[in-house]
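# Inside the fold
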Amino acid sequence: MASTMKLGKQELMDTAHAAMQSRIAVREWSDREKLALTCRALFDDGHNSGLAGQISARGEADATFWTQRLGLGFDEITSDNLLLVDEDLTVLEGEGMANPANRFHSWIYRARPDVNCIIHTHPLHIAALSMLEVPLQVSQMDIAPLYDDCAFLPDWPGVPVGNEEGEIISAALGDKRAILLAHHGQLVVGATIEEACSLAHLIERAARLQLLAMSAGEIKPLPPRLAQEAHDWTVSPRRSEANFQYYARRALRNHPDAV
């Protein structure tokens, strides 16, 4: 006989969260492997824009991070061709140079000690939405992880290779996990690579949904309490890990050379 049919919603949610810790299989990857797999998965989801965009993750030493080599597309990133750089973008390990636009990553890492991964890309629907100078509207359950967690920078500061752009973007991001950059693209941050990977996939889907909805009528807001509940439910570390495992498996099927 069923034993849970009279339990309250919060108790069921707590039970499910606890079960996820032991029942979801997680394959272990190094940070470099996770970065490479994230690049390949995002490439397949339309985040490629030539050589534009960067991904990074904190290194073991203070004020260092791993990122991709300038001149390689997301579909060419492997765990072996990543670079370890310092805040000045001096290469400490690897060959080649980092994208000069990685400078604003240094500013975000300085401002946000909780952040361990940054993903910045110019996917098609995000780029199109950014041209309208309107914030991202989260009004659908699948994209609830971004509810009240996506900032908006309405003014384009130009090519983000100076310290000024680093200050502007990091300040506009504030304590959020994501930001829509007008006339530019998107940026997401995560406490883990898994979290950032999941949010990067979602923000492009969110932009696509918003453009479709705007073309059909007026977007209606979500009830705040329920939207916040959905946000908190979907951004748990274990769910981010489960999402990443799926993206990694898919990336490996399409790009077995990534790791």
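Here the structure is shown first, and the text comes after it.
Notes on the structure in this doc start here. The numbers attached to residues start from 1 for each chain and follow its sequence in the written order. Side-chain atom pairs in this predicted model are given and counted only at pLDDT of 80 or more, local residue features only at pLDDT of at least 70, and totals for whole chains, interfaces and linings cover all residues. Note: side-chain values were computed over all heavy atoms of the structure, leaving out hydrogens and water.

### Comments concerning the nonpolar core
The biggest cluster of nonpolar side chains holds 34 residues, and the ones touching the most others in it are L35, I119, L136, L146, V188 and I203. Contributions of two or more residues to this core are made by α2 (31-44), β1 (54-58), β5 (117-121), α4 (124-130), β7 (178-181) and α6 (193-216). What counts as a helix is a DSSP run of H or I of at least four residues, what counts as a strand is a run of E of at least two, and both are numbered from the N terminus. No other element matches the 8 residues that α6 contributes to this core. Those residues in contact with L146, other than ones at most four positions away along the chain, are L136, V138, A178, L199, L202, I203, A206 and H231. The definition of a nonpolar core used throughout is a set of buried Ala, Val, Leu, Ile, Met, Phe, Trp, Tyr and Cys residues joined through side-chain atoms within 4.5 Å. The buried label applies to any residue whose accessible area, calculated with a 1.4 Å probe on protein chains only, is under 20% of its type's maximum; exposed applies above 50%, and partly exposed to all values in between. In what follows, residue pairs with any heavy atoms lying within 4.5 Å of each other are defined as contacts.

### Focus on the state of the cysteines
When two cysteine sulfur atoms lie within 2.5 Å, the pair is treated as a disulfide. One pass over the full model with this rule turns up 0 disulfides. We note that C39 lacks a disulfide partner, and the nearest cysteine sulfur, in C117, lies 9.1 Å from it. The cysteine C150 is free of any disulfide, with C117 supplying the nearest cysteine sulfur at 16 Å.

### Overview of the pairing of strand β8 (residues 185-190)
Taken residue by residue, a regular strand's side chains alternate between the two faces of the sheet. The buried fraction of β8 amounts to 6 of the 6 residues, a majority that puts the element mostly inside the structure. Residues G185, L187 and V189 point to one face of β8 and Q186, V188 and G190 to the other, with burial holding for every one of them. A pair of strands is treated as paired once DSSP finds two or more bridges between them. One ladder, built from 5 bridges, connects β5 with β8; its direction is antiparallel. In the sheet register, I118 faces β8, and the bridge partner there is V189. Following β7, the chain reverses through 3 residues before pairing antiparallel with β8; H183 in that reversal takes a positive phi of roughly 60°.

### A look at the packing of aromatic side chains
Each Phe, Tyr or Trp ring (for Trp, its six-membered ring) is paired with any other whose centre lies within 6.5 Å, and the angle between the two planes then decides the class: stacked below 30 degrees, edge-to-face above 60, tilted in between. According to the stated counting rule, one finds 2 aromatic pairs in the structure shown. Their ring planes at 40° and their centres at 5.5 Å tell us that F65 and Y109 sit as a pair that is tilted. Here the residue F65 occupies a position in strand β2 (residues 64-67), and Y109 occupies one in helix α3 (residues 103-111), the gap between them amounting to 44 residues. Among the residues examined, F65 registers a relative accessible area of 2% and is labelled buried.

### Side note on the pairing of β2
Along β2, one buried face is formed by T64 and W66 and the opposite face, lined by F65 and T67, is buried too. As paired elements, β1 and β2 share 3 bridges and run antiparallel to each other. Residue pairing across strands places A57 opposite W66, the latter belonging to β2. If you look at the hairpin formed by β1 and β2, you'll find 5 residues sitting between the two strands, and A63 has a positive phi there, around 60°. Where β2 lies against strand β3 (residues 83-86), 4 bridges are found, and the strand directions are antiparallel. If you follow F65 over to β3, its bridge partner there is V85.

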